[in-house]
Amino acid sequence: YFELKEGRYDSARVMYNRARAEFPASEITPDAARKGEMFNKYFDLWKDLSRFDSLYRAEQNRPLETDTVPVVSDTLAVKDSAGVRPETRIKRMAKTIKTDAKKDSALSADSLRNKERLRKEQERAVLLDSLHRSMARAKFELGGLFFLEIQQPDSALRWFEDVIQNHAASPYAPRALYTKAEMYRTVLNRPQPDRDALYSQLIDRYSSSAYANEARKSLGLPVVVAQVDTAAVQFEQAEQLAEANDLKTAVQLLKRTAVQYPLSPFAPRSLYTAGWHYEHTMNVPDSAYAVYQRLVSLFPSSSFAGKVRGKIMEYDAEKKRIEEEKKEAERAEAEVKAAAEELKKGKKKPAVAPAPTDSTGTQELEAPSDTLSTPNDQL
């Protein structure tokens, strides 16, 4: 209700997380866990975007501190250490040397200030570029989250359009433009001319990108091989290694491809393929789970991430069930052990005290008590 009717994602997240923890064996737990993680990711991305934007604005408005370069002191000033008045010619020479030294010192200080300012401007440019790229990534992932998981295509389009317009130089812009065109084709059912216009725009703006070649395929145009796509080459090599049954080397190459070329379309595909081999070919479910988690974390908006989210939820639920059974078995074992200890203590006979003796040393025999005997006052 909070998610679909009121659009209150903060309240929806709280409810989903509570449902997730209420009863792990419930049939709704996997769905609640998926929804809870979805909105956790949503608010994490919002937090990242807010932080990047704040840092970007603060850095833009921060003045460059370039007056920290010390002025070189006049070390050539003539000093009459003996207290004797110099001759006129020597005095004039000293004055000339002192003036030239001051000029040289001022020029040196200006040069150092200029170098310091240039260095700080370069550092600022690098920092601003990094923050700008991080903002583009957060916006792109928010668009992917709305498109693939929250399933609000209008909100997704707004985020993708933000990346296209405000981060055109970032590597996420061609991805956003291509994803927008694919949404026109698959979800929104826009007319063919609208889709073709986006593909053409992608080719014009980012002609050398891998997404431009995908657009060319959609338009029926020949693919342009501008340069060797190393990620594609490594992926093909990994496939050949897998066919040769060298699976260990193949999955290592696939994982390395995703690390080396994170912006390539082959990055999420490589992680998915590595996880698939772990799961189906090598039968190592723990490794498959770890790779699938990495895929969802790094490329949440990719179609490959959508394929493995269900697997991750099932693995989490099964792992939790096994842990609960293990704890229950440990509790039962502890109860059996405690019961055995109690039974063991109950079987021990109490120690018998020695009978009392009289003054002669003879033991006095205590008469057995007769609960049915008549009290003495009634005799």
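All values derive from a computational prediction rather than experimental measurement. (Residues numbered from 1 in each chain as written. Predicted model: local features only at pLDDT ≥ 70, side-chain atom pairs only at ≥ 80, totals over all residues. Heavy atoms only, no water.)

A. The arrangement of helix α9 (residues 230–243) in detail. The end-to-end C-alpha distance of α9, which contains 14 residues, comes to 20 Å, matching closely the 20 Å that a straight helix rising 1.5 Å per residue would cover. Among all positions in α9, only Ala231, Gln234, Phe235, Ala238 and Ala242 are buried. Projection of α9 onto a plane perpendicular to its axis shows the buried side chains occupying an angular sector of 100°, all on one side. A positive backbone phi angle near 70° is found at Asn245, which sits one or two residues after α9. (Helix = DSSP H or I, 4+ residues; strand = E, 2+ residues; numbered from the N terminus. Expected span 1.5 Å × (residues − 1). Buried < 20%, exposed > 50% of the residue type's maximum accessible area, 1.4 Å probe, protein only. Arc of directions from axis to C-beta.)

B. Highlighting unusual backbone geometry. Although it is not a glycine, Asn245 sits at a positive phi angle of roughly 70°. Relative to the assigned elements, Asn245 resides in the loop between α9 and α10 (247–260). At Asn283, a position not held by glycine, the phi torsion is positive, near 55°. Assignment of secondary structure puts Asn283 in the loop between α11 (266–281) and α12 (285–298).

C. Structural context of the environment of Leu4. For Leu4, the position within the fold is in helix α1 (residues 2–6). For the pair Leu4 and Ile150, spaced 146 residues apart in the sequence, the C-alpha separation amounts to 9.6 Å.

D. Region of interest: the nonpolar core. Ranked by internal contacts, the top residues of the largest apolar core, which has 41 residues, are Phe39, Tyr42, Phe146, Ile150 and Leu202. For this core, the leading source of residues is helix α4 (residues 88–148), giving ten residues. Those residues in contact with Ile150 that sit more than four places away from it in its chain are Tyr9, Met38, Phe39, Tyr42 and Leu145. Of all hydrophobic cores here, the second largest spans 24 residues; its members include Tyr272, Tyr289, Tyr292 and Val296. (Core = buried A, V, L, I, M, F, W, Y, C linked by side-chain atoms within 4.5 Å. Contact = heavy atoms within 4.5 Å.)

E. Representation of helix α8 (residues 210–219) in the model. When α8 is considered as a whole, its buried residues turn out to be Tyr211, Ala212, Asn213, Ala215 and Arg216. As for α8, its buried residues are in contact with α6 (172–186) and α7 (192–205). Directly beyond the C-terminal end of α8, a positive phi value near 75° is found at Gly220.

F. Quick look at the packing of aromatic side chains. All chains considered together, the criterion is met by 16 aromatic pairs. Ring plane angle 40° and centroid distance 4.9 Å describe the contact between Tyr9 and Phe39, whose orientation is recorded as tilted. You can see Tyr9 sitting in helix α2 (residues 9–22) and its partner Phe39 sitting in helix α3 (residues 29–61), a full 30 residues away along the chain. In this structure, Tyr9 and Phe39 share a single accessibility class: buried. The ring centre of Phe52 lies 5.0 Å from the NZ or CZ of Arg51, which sits over that ring. (Phe/Tyr/Trp six-rings, centres within 6.5 Å; stacked < 30°, edge-to-face > 60°. Lys NZ or Arg CZ within 6 Å of the ring centre and 35° of its normal.)

G. Looking closely at the confidence of the model for the protein. Chain-level pLDDT for the protein is 80 on average; 79% of the residues reach the 70-or-more range. Mean pLDDT across the elements of the protein ranges from a minimum in α4, with 76, to a maximum in helix α5 (residues 153–166), with 94. Long-range and interchain partners of residues 362–379, a stretch whose pLDDT sits below 50, account for nine contacts in this model, where long-range means more than four residues apart. (pLDDT = per-residue confidence, 0-100.)

H. The environment of Leu131, seen in detail. Among the structural elements, Leu131 can be located in helix α4. Counting along the chain gives 77 residues from Leu131 to Ser54, while the straight-line C-alpha distance between them is 9.7 Å. Residue contacts for Leu131: discarding those within four places in its chain leaves Phe52, Leu55 and Tyr56.

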